[in-house]
Amino acid sequence: MSARDSLNGIDNVPEKEPAKLQVEIRCVVPPTEEQREKLRAVMAQKYGTEASNVEIVIHKDPAAVDGFNIFVGDDNYDWSTLGRIRQFRKTVQALPKDPEGEKIVSLIREDIAGFSLNTGYQQVGQVVSVGDSIAVIQGLRDVVYGEIVLFECGVKGMALDIRTDGTTGIVLFGDSSDIVAGSRVVRTKRTAGIPISNRILGRMIDPLGNPIDGGEPIGAKKYYPLERPAPGIVRRKPVSRPLETGILSIDAMFPIGRGQRELIIGDRQTGKTSVAVDTILNQKNKNVVCVYVAICQKASAISKLMQTLREAGALDYTVIVSSPASDSPSMQYIAPYAGCAVAEYFMYHGRDTLIVYDDLSKHAVAYRTISLLLERAPGREAYPGDVFYLHSRLLERSAQLSDDLGGGSMTAFPIVETQAGDISAYIPTNIISITDGQIFLDSELFNAGQRPSVNIGLSVSRVGGAAQTNIMKKAVGTLRLDLAQYREMQVFSQFGSDLDEQTKRQLLYGAGLMQLLRQKNRAPLRLWQQVVLLLVAQDGRFMDVPARRVCAVRDDFLAWFGNKHSTITLRIEHEKMHSQELRDEILEAGREYFRGKAFAD
Ligand code: ATP
Ligand code: MG
């Protein structure tokens, strides 16, 4: 043999024998030779090999009384009736027991409902490593992103990281203490969903749809997916109806429309939650379903909020989705999507909905934790590269649906916490760019007693103007401009001591307006109250009232107006249209109240 021949390696390399395909059969009665031949043929065809390459190994397994349980690598073909019954029993036994009764984890219940004895084939994966509510598994080669997988101890997880090396990162929705390396895991072939029906109103649920308010299970038959594509352009129509917050400064200057996404942003303790909760309270008798998603909040704060809503009679039309600080990051991660699914359910049934995400900065942190544990590459501020998509796909699901789809709407109030008022940080800028405006709450204003601390210069509402009622639009007039002028003048007046009379009057007027915009939390103002106040204030009525008495005088004036001029209030509430005659009547009533009144300091 020449050297050349050996280099070409044509003749002399012994032919490599193809690896045998090992088929393990667990059974009581071994298959007959005929059955084996058939099985060899089936397996050879399935795995693309020769029948002669299929090696059958038989293990006696008394559990598989009737039929066979066949394993080929990671694949399991369960052809034993008993095997399936055992699987079913295992699922049922794994249900967590509740001291007050046997409440069943909704996802698992769905699994039982969907349990089918026809399923002969399933892929079985094995846990490679587990820890920090993350499991890395190997073997479920067809698992898809976002799919729910079931571990043999009954815990569910979601596939979030499908890697090229055949392993998959799973976030766990339960206690991981029973999962060990080597534990088996199977696909469920469905993505996460929660049970929703009209009975969910007034309830507090966790992100998997289990009630956590001590009440009955929701008892819904239908499951709604947590993740769902946002409605496309043809399925929407422009935002055109107002969603009143009951907060004068917002409704007047930054009106919000149904279907809009308005960010509430500010430092910690600046009244962000209060703005959202006041808006929920203001939806009473307005046929709006509200969903409040609490992400990583103290359990005590959530229960207090529930109490507040209950006392105000607002719980009947509200759903709270809560994933408190003690929950795993995976639960916190899916919480806003669960809330969105609840709001979507009502939106697609033609209802108007309002959803509050309190707050998305914590949500981003939960996602960052998961991503780091899944060993994804960290980007800016250690957030993963897709953190932007995380929120855009959530907020895009808010919409004003077209009439063909029932005309329902979902208005979203995402909340974001800033550090030292820095709205140019990574997460705030991201969310600002995907919302239709923001209410910026200023800690300096808040501390100075100007509450709600809406920063008029930095707040904006991009689409709500089209939704403002005609009478409100006319009543607002030049308020925003006046206040901007006042702020400028205020800065200059600090330098000069002798001001002319005109400037003094303007400062006085501006200060009165700022006082008027102060509003206690949980005290939403009705449309007529806002309209009357705006008109009368711009007529200069509050200028002679000393600053610290403005709020008291305002409340007294509104009470007086409501009693004395109930016809006007009714006209405003029902017609919602501006007319010169109505305006004159309101201004005359204002003059009547303030006539002859002297307000001592
Ligand atoms: P956190 O950053 O802790 O979530 P937050 O920005 O959500 O805080 P809130 O919890 O809404 O702020 O409010 C902080 C405090 O300010 C609460 O005690 C609340 O009662 C009070 N507060 C909020 N708004 C007003 C208001 N308009 N008038 C008076 N007090 C208010
Ligand atoms: Mg808050």
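Starting afresh in each chain, residues are numbered from 1 along the sequence in its written order. Key to labels: chains lettered from A, ligands numbered from 1, both in the order written. Per-residue local features of the predicted model are confined to residues with pLDDT of at least 70, and side-chain atom pairs are confined, for both listing and counting, to 80 or more; whole-chain, interface and lining totals are unaffected and use all residues. With hydrogens and water set aside, each side-chain value is computed from the structure's full complement of heavy atoms.

Visitor: Explanation requested: the overall build of the chain in the structure shown.
Guide: What the chain contains, in helices and strands, is 19 helices and 20 strands. Categorising residues by exposure relies on relative accessible area from a 1.4 Å probe, with only protein chains included: less than 20% of the type maximum marks a residue as buried, more than 50% marks it as exposed, and the intermediate range marks it as partly exposed. A burial count over the chain gives 51% of its 601 residues as buried. Values of accessible area rely on a 1.4 Å probe in the Shrake-Rupley scheme; residue burial ignores everything except the protein chains shown. With the model as given, the accessible surface of the chain reaches about 28,200 Å², and the carbon-plus-sulfur share is 52%. Secondary structure elements follow DSSP: runs of H or I of four or more residues count as helices, runs of E of two or more count as strands, with numbering from the N terminus.

Visitor: What is the right way to read the site of ligand 1 from this model?
Guide: By nearness alone, 14 residues border ligand 1, and Q269, K272, T273, S274 and Q519 come closest of all. For this analysis, a polar contact is any N or O atom pair within 3.5 Å, provided that within protein one partner can donate a hydrogen and the other can accept it, and provided that sequence-adjacent residues contribute only side-chain to side-chain pairs. At a separation of 2.8 Å, an oxygen atom of ligand 1 approaches a polar side-chain atom of K272. At 2.5 Å from an oxygen atom of ligand 1 is found a side-chain nitrogen or oxygen belonging to S274. Burial of ligand 1 by the surrounding chains reaches 70%, relative to a free accessible area of 620 Å². A per-element tally of the shell around ligand 1 places helix α6 (residues 272–281) first, with three residues. Consider each residue's heavy atoms; a residue with any of them within 4 Å of a molecule or strand counts as near.

Visitor: Looking at this structure, I do not really get the packing of helix α16 (residues 527–538) against helix α18 (residues 566–575). What am I missing?
Guide: Axis angle and axis distance: for two packed helices, these are the angle between their axes and the distance between the axes, and together they describe the pair. Comment: axis = line fitted to C-alpha atoms, over the contacting stretch for helices; angle = value between 0 and 180 degrees taken between N-to-C directions. Closest axis-to-axis distance for the α16/α18 pair is 9 Å, and the angle between their directions is 110°. The angle between the axes of α16 and α18 places the two elements in the roughly perpendicular class. For α16 against α18, the interelement crossing comes out right-handed. Here L527, W528, V531 and V532 of α16 lie close against α18, whose contacting residues are T569, I572 and E573. When residues are sorted by character, Ala, Val, Leu, Ile, Met, Phe, Trp, Tyr, Cys and Pro go into the nonpolar class, Asp, Glu, Lys and Arg into the charged class, and all the rest, Gly among them, into the polar class. Partitioning the contact of α16 with α18 into residue classes produces five nonpolar, one polar and one charged. Relative orientations are named as follows: roughly parallel for angles under 35 degrees, roughly antiparallel for angles over 145 degrees, roughly perpendicular for angles from 65 to 115 degrees, and oblique for any other angle. For a crossing to be left-handed, the near helix must be turned anticlockwise from the far one by less than a right angle; the clockwise case is right-handed. Throughout, a contact is declared for two residues whenever any of their heavy atoms are within 4.5 Å.

Visitor: Explain the packing of aromatic side chains to me, please; I cannot follow it from the model alone.
Guide: Think of a pair of aromatic rings as described by two things: how far the centres are apart, and how the planes are tilted against each other in angle. Working definition: a ring pair exists when centres of Phe, Tyr or Trp rings (six-membered ring for Trp) sit within 6.5 Å. Plane angles under 30 degrees give stacked, over 60 give edge-to-face, the rest tilted. Tallied over the entire structure, the rule returns 15 aromatic pairs. Between F542 and F557, the aromatic rings sit 6.4 Å apart at their centres with planes inclined by 80°, giving edge-to-face as the arrangement. Here F542, found in the loop between α16 and α17 (550–564), pairs with F557, found in helix α17; they are 15 residues apart in sequence, far enough to count as distant. F557 matches F542 in its accessibility class, with the two residues each being buried. Among the aromatic side chains, those forming a connected cluster through ring pairs are W528, F542, F557, W560, F561, Y593 and F594. By definition here, charges over rings are those cases where NZ of Lys or CZ of Arg is within 6 Å of the ring centre and within 35 degrees of the ring normal. Its end group placed over the ring of Y383, R368 keeps NZ or CZ at 4.4 Å from the ring centre. The lysine or arginine in question, R393, covers the ring of Y389, its NZ or CZ lying 5.0 Å from the ring centre.

Visitor: Before we go on, may I ask you to explain the nonpolar core in this structure?
Guide: Soluble globular proteins tend to pack their nonpolar side chains together in the buried interior. Residues enter a nonpolar core if they are buried and are Ala, Val, Leu, Ile, Met, Phe, Trp, Tyr or Cys, with the set joined through side-chain atoms within 4.5 Å. If you look at the biggest cluster of nonpolar residues, it comprises 76 residues, and the most contacted ones within it are F542, I572 and I586. Of the residues forming this core, the biggest block, nine residues, is contributed by α16. In contact with I586, not counting residues within four places along its chain, are V531, V532, L535, V536, F561, I568 and I572. Membership of the second largest hydrophobic core comes to 60 residues, among which are I148, I196, Y357 and A412.

Visitor: How should the sheet that holds strand β18 (residues 409–417) be read in this particular structure?
Guide: What makes two strands pair is DSSP finding at least two bridges between them. Here we have eight strands laid out as an open sheet, ordered β12-β16-β15-β17-β18-β14-β19-β20, and mixed in their pairing. Looking along the sheet, the strands with just one partner apiece sit at the ends: β12 (204–205) and β20 (460–461). Strands in contact with helix α7 (residues 299–311) are β12, β15 (288–295) and β16 (318–323); relative to β16, the strand with the most contacts, it is inclined by about 175°.

Visitor: Got a minute to help me understand the pattern of salt bridges in this structure?
Guide: Pairing between side chains of opposite charge can happen when their charged atoms approach one another. The salt bridge definition used is simple: a Lys or Arg side-chain nitrogen within 4 Å of an Asp or Glu carboxyl oxygen. All told, the structure shown has 28 salt bridges when counted by the stated rule. As a salt-bridge pair, R236 and E396 come within 3.8 Å of each other at their nearest N and O atoms. A residue pair is termed long-range when its members are at least 10 positions apart, and R236 in the loop between β13 (223–225) and α5 (248–253) and E396 in the loop between α10 (387–395) and β18 qualify at 160 residues. On the basis of relative accessible area, R236 is assigned to the partly exposed category, the value being 24%. Judged by its relative accessible area of 35%, E396 falls in the partly exposed class. Taking the shortest distance from any N to any O, the salt bridge between R261 and D436 comes out at 2.9 Å.

Visitor: Got a minute to help me understand the environment of I233 in this structure?
Guide: You can see I233 is positioned in the loop between β13 and α5. Classification of I233 as exposed rests on a relative accessible area of 78%. Along the primary structure I233 and L401 are separated by 168 residues, whereas in three dimensions their C-alpha atoms are 9.4 Å apart.

Visitor: In this structure, what is going on with a nonpolar patch on the surface? I would like to understand it.
Guide: Patches were defined on residues exceeding 30% relative accessible area and lacking a salt bridge, with like-charge contacts within 9 Å and nonpolar side-chain contacts (Val, Leu, Ile, Met, Phe, Trp, Tyr) within 5 Å. On the surface, V491, F492 and F495 cluster together into a nonpolar patch covering about 370 Å² of accessible area. Checked against the element boundaries, V491 lands in helix α14 (residues 479–493). The class of V491 is partly exposed, set by a relative accessible area of 43%.

Visitor: Honestly, a positive patch on the surface in this entry has me stumped. Any pointers?
Guide: Only four residue types enter the tally: Lys and Arg on the positive side, Asp and Glu on the negative side, with His and both chain ends excluded. Taken as the charge location is NZ of Lys, CZ of Arg, CG of Asp or CD of Glu. Taken together, the side chains of R268, K298, K304 and R522 define a basic patch exposed on the protein surface. Residue K298 is classed as exposed on the basis of its relative accessible area of 61%.

Visitor: For this particular structure, what's the right way to read the side chain of Q400?
Guide: Considering the arrangement of structural elements, one finds Q400 in the loop between α10 and β18. Side chain to side chain, Q400 and R241 meet in a polar contact 2.8 Å long. Within the local environment of Q400, its side chain forms a polar contact with the backbone oxygen of G408, the two atoms lying 3.5 Å apart. Here Q400 is in contact with R235, R236, K237, P238, R241, R258, G259, G407, G408 and S409, once residues within four sequence places are set aside.

Visitor: What should I look at first to understand unusual backbone geometry in this one?
Guide: Glycine aside, negative phi is the norm for most residues, and most peptide bonds take the trans geometry. A cis geometry characterises the amide bond from D358 onward to D359, with omega recorded as -5°. Mapped onto the fold, D359 is located in the loop between β17 (352–358) and α9 (360–373). Phi is positive for D132, which is not a glycine, with a value near 50°. Looking at where D132 falls in the secondary structure, it is placed in the loop between β5 (121–131) and β6 (134–138).

Visitor: Looking at this model, I keep getting lost on the environment of L172. Mind explaining?
Guide: With respect to the helices, strands and loops of the structure, L172 is situated in strand β9 (residues 167–172). Take L172: its relative accessible area is 0%, and that puts it in the buried class. C-alpha of L172 to C-alpha of G157: the two residues are 15 residues apart in sequence and 4.2 Å apart in space. The residues touching L172, leaving out its near neighbours within four places in the chain, are V130, S133, I134, A135, F151, K156, G157, I179, S328 and S330.

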